[in-house]
Amino acid sequence: MSKIFEYTNDVSLNRSARIRRSISNSGYARQERGSPTFYSMEVNLPLLTKAKYDEVEAELLGLEDGIDFKTTSIPSIINLTFANGSITAQTGLTITVVNANTSGVDVQLANVNLSSNVKAGDFIQFSSSTKVYQIKADATATAGNLLTFKLMTGAINPIISGNTFTYGNAVQFKMLLNGRPPVTIVPGPGFNYYQYGSFNFQEIL
């Protein structure tokens, strides 16, 4: 794991999408989503010792042209719950992904235990892409051991049979670090601490 994410004790996770606006000939205004939802993170570090500062600096100095891509989960020290439901397999079977519809919004999982359910806002990821999605509405397993739910945004790549999925806190965000924050030296009793400004990351594909 990136040392930045390993040492953080404060993460703000946000999502955004471009909005497309238009006005009809009769003067009616309309707006619609112009892109999928993407996530951004503001990551803050506590005061660092010299040893930890050196580790973070080594990571930053290793950036090529100041650009780096991080694939990371949220550290467990950050109390963010990415799943309030539970998806378990039917006894003796493996959960499989059923093809999503053409817009990639409706997804179906087969061979789930009938107790399986998902909640609005839960995070999920499919092997067809690095994109992390959120579930739009609560859903529960139905007869036939199927779990059908909607995503908040259409699929970036087709979600098809044969894909695997990751649910909840195990999802991995692929992020771009937007520049290097300033660092301040804070005098301590006999040694110095180091305080970085905020690190800003943007989800990329």
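About the criteria used
Residues numbered from 1 in each chain as written. Predicted model: local features only at pLDDT ≥ 70, side-chain atom pairs only at ≥ 80, totals over all residues. Heavy atoms only, no water. Core = buried A, V, L, I, M, F, W, Y, C linked by side-chain atoms within 4.5 Å. Buried < 20%, exposed > 50% of the residue type's maximum accessible area, 1.4 Å probe, protein only. Helix = DSSP H or I, 4+ residues; strand = E, 2+ residues; numbered from the N terminus. Contact = heavy atoms within 4.5 Å. Polar contact = N/O pair within 3.5 Å; in protein donor to acceptor, adjacent residues only side chain to side chain. Pairing = 2+ DSSP bridges. Salt bridge = Lys/Arg side-chain N within 4 Å of Asp/Glu carboxyl O. Axes fitted to C-alpha atoms, helices over the stretch in contact; angles between N-to-C directions.

**Focus: the nonpolar core**
Thought 1: Ranked by size, the top nonpolar core spans 24 residues in total, and within it Val56, Phe173, Phe199 and Phe201 carry the most contacts.
Thought 2: For this core, the secondary structure elements donating two or more residues are helix 1 (3–7), strand 4 (38–44), helix 2 (50–61), strand 14 (173–177), strand 16 (192–196) and strand 17 (199–203).
Thought 3: Counting 19 residues, the second-largest nonpolar core is a separate cluster that includes Tyr133, Ala139, Leu147 and Ile159.

**What to know about the environment of aspartate 122**
Thought 1: Along the chain, aspartate 122 turns up in the loop between strand 8 (117–118) and strand 9 (123–126).
Thought 2: Remark: the alpha-carbon pair of aspartate 122 and threonine 81, spanning 41 residues in sequence, is separated by 8.4 Å.
Thought 3: Not counting the four nearest positions on each side in its chain, aspartate 122 is found in contact with Phe82, Ala83, Asn84, Gly85, Tyr133, Gln134, Ile135 and Tyr167.
Thought 4: In terms of polar contacts, aspartate 122 uses its side chain to reach the backbone amide nitrogen of glycine 85, at 3.2 Å.
Thought 5: Looking at aspartate 122, its side chain comes within polar contact range of the main-chain nitrogen of lysine 119, at 2.9 Å.

**Section: the pairing of strand 15 (residues 183–187)**
Thought 1: Note that strand 15 and strand 16 share five bridges and pair antiparallel. Note on strand 16: the bridge partner recorded for proline 187 is asparagine 192.
Thought 2: The hairpin turn running from strand 15 into strand 16, its antiparallel successor, is four residues long, and glycine 190 in that turn takes a positive phi close to 95 degrees.

**Some details on the pattern of salt bridges**
Thought 1: Tallying each qualifying case throughout the model produces six salt bridges.
Thought 2: Aspartate 54 is paired through a salt bridge with lysine 50; the nearest N and O atoms lie 2.9 Å apart. Pair noted here: aspartate 54 and lysine 50 are both in helix 2, with a separation of four residues, about one helical turn.
Thought 3: Across the salt bridge formed by aspartate 106 and lysine 150, the nearest N and O atoms sit 2.7 Å from each other. One end of the pair, aspartate 106, is in strand 7 (residues 106–110); the other, lysine 150, is in strand 12 (residues 146–150), and 44 residues separate them in sequence.

**Comments concerning the sheet that holds strand 6 (residues 96–98)**
Thought 1: Strand order in the open sheet formed by three strands is 6-7-12, with antiparallel pairing between adjacent strands. In the strand order of this sheet, the two ends are held by strand 6 and strand 12, each with one partner. Neighbouring strand axes in the sheet, compared pairwise and without regard to direction, differ in orientation by 25 degrees on average.
Thought 2: Sheet analysis places strand 6 next to strand 7, joined by three bridges and oriented antiparallel. Looking at strand 7, one finds that valine 97 is bridged to leucine 109.

This is a description of form; function is not addressed.
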